[in-house]
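Topology and contacts: notes
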Amino acid sequence: LIKGMEQRNKTIYRVAESIVKFQTDFLEHGISNLKPMVLKDVAEDISMHESTISRVTTNKYMHTPQGIFPLKYFFTTGFTSAGTGTEVSSLTVKDTIQKMVREEDPLVPLKDQQIVDALKARGIDIARRTVAKYREELRIPPTSVRRRMG
């Protein structure tokens, strides 16, 4: 039993260490620096199976300089930035959309296509449908509703 618990602790530690290695920029600078990462990345890094990584990260949390996050939070899909070729996390894109809407003129709220164009100007190539999906996930109402609210 003790040997099993020690093995479990070592595995959790190795997984956490790998996440820190991949997400150092996020830990130091915040969500705009969260990199896309999948279970396979960590599994390959520490020579374990993806299913083990999935099991180990379930219901576990990490206390970071940016706050306390579930280990699953660090595993996100992403987009390749057109200008630099760097990967941008979908959570970073959602955060950017949220900030844009928060700072918009309430009398003339941004349409999804305008958000797409603004993201494209920042080097993030994203479909309008994806912006609409993210906006709904963030519980941001459509332009027509936001205009009436403003």
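Preceding this section is the structure that the text describes.
To start, this report covers the structure provided alongside it. (Residues numbered from 1 in each chain as written. Predicted model: local features only at pLDDT ≥ 70, side-chain atom pairs only at ≥ 80, totals over all residues. Heavy atoms only, no water.)

1. Re the packing of aromatic side chains
Going through the model one piece at a time under the given rule, you end up with 7 aromatic pairs. Centroid distance Phe26 to Phe69: 5.4 Å. Interplanar angle 70 degrees. Geometry classified as edge-to-face. Of the two residues, Phe26 is situated in helix H2 (residues 24-29) and Phe69 in strand E2 (residues 67-70); the sequence distance between them amounts to 43 residues. For the pair Phe26 and Phe69, a shared accessibility class is recorded, and that class is buried. (Phe/Tyr/Trp six-rings, centres within 6.5 Å; stacked < 30°, edge-to-face > 60°. Helix = DSSP H or I, 4+ residues; strand = E, 2+ residues; numbered from the N terminus. Buried < 20%, exposed > 50% of the residue type's maximum accessible area, 1.4 Å probe, protein only.)

2. Notes on the nonpolar core
Proteins that are soluble and globular tend to have nonpolar side chains buried together. Among the nonpolar cores identified, the biggest contains 18 residues, and Val15, Ile19, Val42, Ile53 and Phe74 are the most heavily contacted of them. Looking at this core, the elements that each hand over two or more residues are helix H1 (2-22), H2, helix H3 (39-45) and helix H4 (50-57). The leading source of residues in this core is H1, at 3 residues. With residues near it in sequence (within four places) discarded, Phe74 still touches Ile19, Gln23, Phe26, Leu27, Leu34, Lys35, Met37, Met62, Thr64 and Phe69. Met100, Ile115, Val116 and Val131 belong to the second largest nonpolar core, which has 14 residues in total. (Core = buried A, V, L, I, M, F, W, Y, C linked by side-chain atoms within 4.5 Å. Contact = heavy atoms within 4.5 Å.)

3. What to know about the packing of helix H6 (residues 112-121) against helix H7 (residues 128-137)
Relative orientation of the contacting elements H6 and H7 amounts to 110 degrees, with a least axis distance of 9 Å. Accordingly, the angle class assigned to the pair H6 and H7 is roughly perpendicular. Counted together, Asp112, Gln113, Ile115, Val116 and Leu119 of H6 and Arg128, Val131, Ala132 and Arg135 of H7 form the full contact between these two elements. Looking at the contact of H6 with H7 residue by residue, the class counts come to 5 nonpolar, 1 polar and 3 charged. (Axes fitted to C-alpha atoms, helices over the stretch in contact; angles between N-to-C directions. Parallel < 35°, antiparallel > 145°, perpendicular 65-115°, else oblique. Nonpolar A, V, L, I, M, F, W, Y, C, P; charged D, E, K, R; others polar.)

4. A few points about the pattern of salt bridges
For the structure shown, the criterion picks out 8 salt bridges. Note that Lys21 is salt-bridged to Asp45, the shortest N-O span being 2.5 Å. Taken as a pair, Lys21 in helix H1 and Asp45 in helix H3 lie far apart in primary sequence, 24 residues in all. (Salt bridge = Lys/Arg side-chain N within 4 Å of Asp/Glu carboxyl O.)

5. Comments concerning unusual backbone geometry
A positive phi angle, near 55 degrees, is found at Ser47, a position not held by glycine. Among the secondary structure elements, Ser47 is positioned in the loop between H3 and H4. Since its relative accessible area comes to 66%, Ser47 is described here as exposed. Backbone geometry at Arg139 places phi at a positive 60 degrees, although glycine is not the residue there. Looking at the secondary structure, you find Arg139 in the loop between H7 and helix H8 (143-149).

6. Structural notes on the environment of Ala121
Tracing the backbone shows Ala121 in helix H6. Note: C-alpha distance between Ala121 and Leu1 (120 residues apart in sequence) is 56 Å.

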